[in-house]
Amino acid sequence: MGKIALAFLLMLMPLSGFAMAQESVRIAYIDTLSGGGASVGVARLKAFQFLAEDVNAKGGILGKKLEIVPFDNKTNAQESVIQAQKAIDSGIRFITQGNGSSVAVALTEFVLKHNERNPGQEVLYFNYSSIDPVLTNAKCNFWHFAWDANSDVKMEAITNYIKANPSIKKIYLINQDYSYGKSVRAAAREMLAAKRPDIKIVGDELHPMLKVTDFSPYVAKIRASGADAVISGNWGQDLALLLKAAGSSGLDVNWYTYYGVATAGIPISLKQVNLNHKVFGVTEGIANVDYAPSREFEKRWRAKYGEDFVLFAPRQVNEIKMFVAAAEKAKSFDPIKIALALENMEIDVFDGGKGMMRKEDHQFFQPLYVASFGELKASEPFDEEGTGWGNTVVAKIEAKDTLTKTSCKMTRPQ
Amino acid sequence: MLELVIISALNGVLYGLLLFLMASGLTVVFSMLGVLNFAHAGFYMLGAFFGFQISKWFGFWWALLLAPIIVGLIGAAVERFALRDIHRSGHVAELLFTFGLAYVIEEVVQIVWGKDPVDYRGPPSLDFPAFSIFSTNYPSYKVFMFAISVAIFVALLIVIKRSRIGLVVQASLTHPQMVAHLGHNVGLVFTLVFGVGIGLAALAGVIAGPILQTQSNMAASLIALLFVIIVVGGLGSLAGAFVASLLIGLIQTFAVSLDGSLASLFGPLSPDAPQFLIRNIWTVTIAQVAPIIPYALLILVLILRPMGLFGTRET
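Residues numbered from 1 in each chain as written. Chains lettered and ligands numbered in written order. Predicted model: local features only at pLDDT ≥ 70, side-chain atom pairs only at ≥ 80, totals over all residues. Heavy atoms only, no water.

### Some details on the nonpolar core
Point 1. Grouped together as the largest cluster of nonpolar side chains are 87 residues, with contacts concentrated most on B:F43, B:Y44, B:L64, B:I105, B:I207 and B:I230.
Point 2. If near-sequence neighbours (up to four positions away) are discounted, B:F43 is found in contact with B:V71, B:I74, B:G75, B:V78, B:L101, B:I105, B:I198 and B:A202.
Point 3. Core analysis: the next-biggest nonpolar cluster, separate from the first, contains 69 residues, A:I27, A:L66, A:M345 and A:M410 among them. (Core = buried A, V, L, I, M, F, W, Y, C linked by side-chain atoms within 4.5 Å. Buried < 20%, exposed > 50% of the residue type's maximum accessible area, 1.4 Å probe, protein only. Contact = heavy atoms within 4.5 Å.)

### Examining the environment of B:A77
Residue and element names in this part refer to chain B.
Point 1. One can find A77 in helix α3 (residues 60-87).
Point 2. For A77, a relative accessible area of 31% puts it in the partly exposed group.
Point 3. As a C-alpha pair, A77 and F49 span 28 residues in sequence and 19 Å in three-dimensional space. (Helix = DSSP H or I, 4+ residues; strand = E, 2+ residues; numbered from the N terminus.)

### Details of the domain arrangement of chain A
All names here are of chain A.
Point 1. Taken as a whole, chain A is organised into domain 1 (2-150 + 311-365) and domain 2 (152-288 + 368-402).
Point 2. For domain 1 versus domain 2, the distance between C-alpha centres works out to 30 Å.
Point 3. Approximately 1400 Å² of surface area, both sides summed, lies buried where domain 1 meets domain 2, with 55% of it carried by carbon and sulfur atoms.
Point 4. Where domain 1 touches domain 2, the interface holds two salt bridges.
Point 5. Ionic pairing is found between E284 and R315, a salt bridge with its closest N-O pair at 3.0 Å. (Domains from an automatic or database assignment. Buried area = accessible area lost by both parts, 1.4 Å probe. Salt bridge = Lys/Arg side-chain N within 4 Å of Asp/Glu carboxyl O.)

### Here we look at helix α5 (residues 140-162) of chain B
Point 1. Taking 1.5 Å per residue as the helical rise, α5(B) with its 23 residues ought to reach 33 Å, and the 32 Å between its terminal C-alpha atoms agrees with that figure.
Point 2. Listed as buried for α5(B) are B:S140, B:Y141, B:K142, B:F144, B:M145, B:I148, B:S149, B:I152, B:F153, B:L156 and B:I160. (Expected span 1.5 Å × (residues − 1).)

### Overview of unusual backbone geometry
Residues and elements named next belong to chain A.
Point 1. Here the phi dihedral of H277 falls at roughly 55°; this positive angle occurs in a residue that is not glycine.
Point 2. Of note, H277 is situated in the loop between α9 (266-272) and β10 (279-283).
Point 3. For H277, a relative accessible area of 26% gives the class partly exposed.
Point 4. Phi is positive for E385, which is not a glycine, with a value near 50°.

### Overview of the interface of chain B and chain A
Point 1. Listed per partner, the contact involves 35 residues of chain B and 30 residues of chain A.
Point 2. Carbon and sulfur atoms supply 53% of the area buried between chain B and chain A, which totals about 2700 Å² over both sides.
Point 3. Of all residues in chain B, the largest losses of buried area upon contact with chain A belong to B:Q213, B:V256 and B:Q288, amounting jointly to 19% of the total for that side.
Point 4. At the boundary of chain B with chain A, the tally comes to zero salt bridges.
Point 5. Remark: the boundary between chain B and chain A carries four residue pairs in polar contact (both at pLDDT 80 or more).
Point 6. Every element with two or more residues in the side of chain B that touches chain A is listed here: α1 (2-33), β2 (136-139), α10 (238-257) and α13 (286-289) of chain B.
Point 7. Top element by residues in the side of chain B that touches chain A is α1(B). It accounts for five residues. (Polar contact = N/O pair within 3.5 Å; in protein donor to acceptor, adjacent residues only side chain to side chain.)

### Quick notes on empty space enclosed by the protein
Point 1. For the structure on display, the rule yields five cavities of 30 Å³ or more.
Point 2. Taken together, the residues of the lining of the largest cavity sort by class into five nonpolar, six polar and no charged. (1 Å grid on protein atoms, 1.4 Å probe; cavity = no way out; pocket = protein on both sides within 12 Å on 5 of 7 lines; lining within 4 Å. Points joined across faces, edges and corners; volume = space filled by probe spheres on them. Nonpolar A, V, L, I, M, F, W, Y, C, P; charged D, E, K, R; others polar.)

Below is the structure:
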């Protein structure tokens, strides 16, 4: 019995591999599936798989099924490169990754090198979340596409919002002490000086990344500075603990953040310390945007994963949508043709409005929303993490107002 | 300035007391079994999650009572049925065992409660500002935390220094054979002390959970700091652990509020100084290096006073 089953399995295995290669186009999802960042990585994987199911239910792409193949990079740059090589060896030509800019830089350099050395075997890298501006500036290349607004673009949105609020007079900057945090603070200083020269920057803090367990000392410092608003690019526990410490000590400032809305764990913390519409975030979309198609998607998503509070990112939807459109436009899965089709492609983005993949640096530009988290109005159906509070749009910034300069000079295939 | 000093002092003392709750169990266990219990912070995390679960079912006060007892019993069972046998295979085996145990606890927590932070809150009855100092609200929960930590320290000190049980425990630390010959069950004493140590870690978890974030990676960031405390304080010394905890709590808190750097002390470097190393070191602020100060202190103590501040024997 055992032998027969084994023989049967052996017969089946090469067959299924062959069948897959015939019927599906595969995207390697190389991201953090274990360790500290796993909650985000797993949630994003579920979202990509959910999107692939949607695509396949409508007949796939050019008659082929879309398949997402997960690889765990342990949030480690070296490991990501190994996993990318593994994916390429198994015949995959499209890679997507999002969490950790150090990983993104390693991957984009690896893909560039691989494509130079293996003409005819090119690989594309779809970056859905890493927002270090270096990726679409100094280290940009033809094979890399970025769907999330990069850090400079987000700061452009935040400072545009601050510009329109004359009540903000003293700003404190607090960021994580590594390349990304430093680029956030540099962008904030530069843009505030240009847009609101009257604003005083009363503090400029870099704290160690993911090492601080008690932010009370930092909060005491912010209070002592007399700031009325804080700008922070923090993410993960560095944001949750900071806001929690601020809330429980009664620090009354407004928080302008990159990740204060629509990231896991933050809503629970904010509700706990009762920070009601004090925390603002900038994002390409939230559940309560008044747009029927995105609300319908949100409902379907929550019906499937809602109880576990799994979040998807609208930029993931945009990425898959554009990949499908590019393949259909190119009538091919050849990476070079798809890359060329993606350039300057305009689409209706997930939360309504137009978005465009800029040819010069492969940065996607889209309408951005400044949103705040707190009590909901009757017209806003979606709360977050079972808190009863949710995200409210306070300002929409059109794509054209988010265009930043780029220093990218990429080499294109002849 | 005065405001910042007072607030920082308060924050530092509070943070230090929390560290002490965790370190007290670790230091006693370390001196008794001679084992660095890598899983200690894991039990702290277990305490936080048990506290979360029990407070969801029965309320926070039950959690405060039950969670440390349950986790303490688990700890005692670990000592009795695993560590005691492994003890015969030597220290390396014990070390590896607790190291593995830390991972097991983390994985179990992830399986049961997931990888995201859970919504763990303090009791509603403590949900008001206790007092306001320079317009900073001091939540009554933090005052409660302060009171519990001090109470535990005093209670531990009295039990160990003044009671008969303490006498036996202290004797077992240094002369286990002698104590056994006098008719005491040394094995039971070890199990008891281990259980109580773990229970204290769990208590710290129950109390700290609502203020810090209760999630499955909360143990990993803490364990190294705890080792610093018990080594700086002196192995097995409760008073040492207390002083070292407060010291590290205060140092970290005050370092954060200092913006001074070499540049602000001696003025900026000439523009043609090399960026690499020199310029970076010159402009780094004390606040930025705050988290590594405890480790620098550890190195200093090991060089200058290897037995620790209050220790009696060398590490």
